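Below, each chain spelled out in residue letters.
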Amino acid sequence: QVQLVESGGGLVQAGGSLRLSCAASGRTFSNYAMAWFRQAPGKAREFVAAIGRSGVGTYYADSVKGRFTISRDNVKSTVYLQMNSLKPEDTAVYYCATRQSGSIYYTPVNYAYWGQGTQVTVSS
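Let me sum up the structure you'll find in this document. A quick note: this is a predicted structure, and the numbers were derived from the prediction, not measured.

**What to know about the sheet that holds strand β1 (residues 4–7)**
Within a sheet, each strand pairs with its neighbour through backbone hydrogen bonds, oriented either parallel or antiparallel.
Right, on to step 1. Within the open sheet, the 4 strands sit side by side as β1-β3-β8-β7. Their pairing is antiparallel. Each edge of the sheet is formed by a strand with only one pairing partner; in this case those strands are β1 and β7 (68–73). Going across the sheet, the axis of each strand differs from the next one's by a mean of 15 degrees, ignoring polarity.
Right, on to step 2. By the bridge criterion, 6 bridges tie β7 to strand β8 (residues 78–83) in an arrangement that is antiparallel.

This is the structure:
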């Protein structure tokens, strides 16, 4: 069983930055790939970024590539999402997720464990 707790969301002006954190419970965090998803009101949950177990492989949605950076600290059992050059269309609830494996997937149905989400609001 894995528990995930996100933090770091908030209100920011367009062009600003935020750093999200996701702290994971459990002793085998380093064995899991991790991902970030987001869900805007009235829209489906969508893939944002993912990172492999060792942190070497990173994957991004085209909409955030070049602006967002995913990273992880396996000692702290935490995954981060650095978000720069934020746009109003980035406004959403952001979730971290894992499926307790090293595989990377881009659809929510493949992830068994989710955090409670953190709200990111970007004003124009």
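**A closer look at the side chain of glutamate 6**
Right, on to step 1. Considering the arrangement of structural elements, one finds glutamate 6 in strand β1.
Right, on to step 2. No salt bridge is formed by the buried glutamate 6; the nearest opposite charge belongs to arginine 45, separated by 7.5 Å.
Right, on to step 3. From its side chain, glutamate 6 meets the backbone nitrogen of cysteine 96 in a polar contact 2.8 Å long.
Right, on to step 4. In this structure the side chain of glutamate 6 is engaged in a polar contact, spanning 2.8 Å, whose partner is the backbone nitrogen of glycine 117.

**Quick notes on the state of the cysteines**
Right, on to step 1. Summed over the entire model, instances satisfying the criterion amount to 1 disulfide.
Right, on to step 2. What pairs with cysteine 22 in a disulfide is cysteine 96, and their sulfur atoms sit 1.9 Å apart. The disulfide joining cysteine 22 to cysteine 96 has a torsion of about 50 degrees about its S-S bond and is therefore right-handed. Of this pair, cysteine 22 sits in strand β3 (residues 18–24) while cysteine 96 sits in strand β9 (residues 92–98), placing them 74 residues apart in sequence.

Cut-offs used in this document
- Residues numbered from 1 in each chain as written.
- Predicted model: local features only at pLDDT ≥ 70, side-chain atom pairs only at ≥ 80, totals over all residues.
- Heavy atoms only, no water.
- Pairing = 2+ DSSP bridges.
- Helix = DSSP H or I, 4+ residues; strand = E, 2+ residues; numbered from the N terminus.
- Axes fitted to C-alpha atoms, helices over the stretch in contact; angles between N-to-C directions.
- Buried < 20%, exposed > 50% of the residue type's maximum accessible area, 1.4 Å probe, protein only.
- Lys, Arg positive; Asp, Glu negative; His and termini not counted.
- Salt bridge = Lys/Arg side-chain N within 4 Å of Asp/Glu carboxyl O.
- Polar contact = N/O pair within 3.5 Å; in protein donor to acceptor, adjacent residues only side chain to side chain.
- Disulfide = S-S within 2.5 Å.

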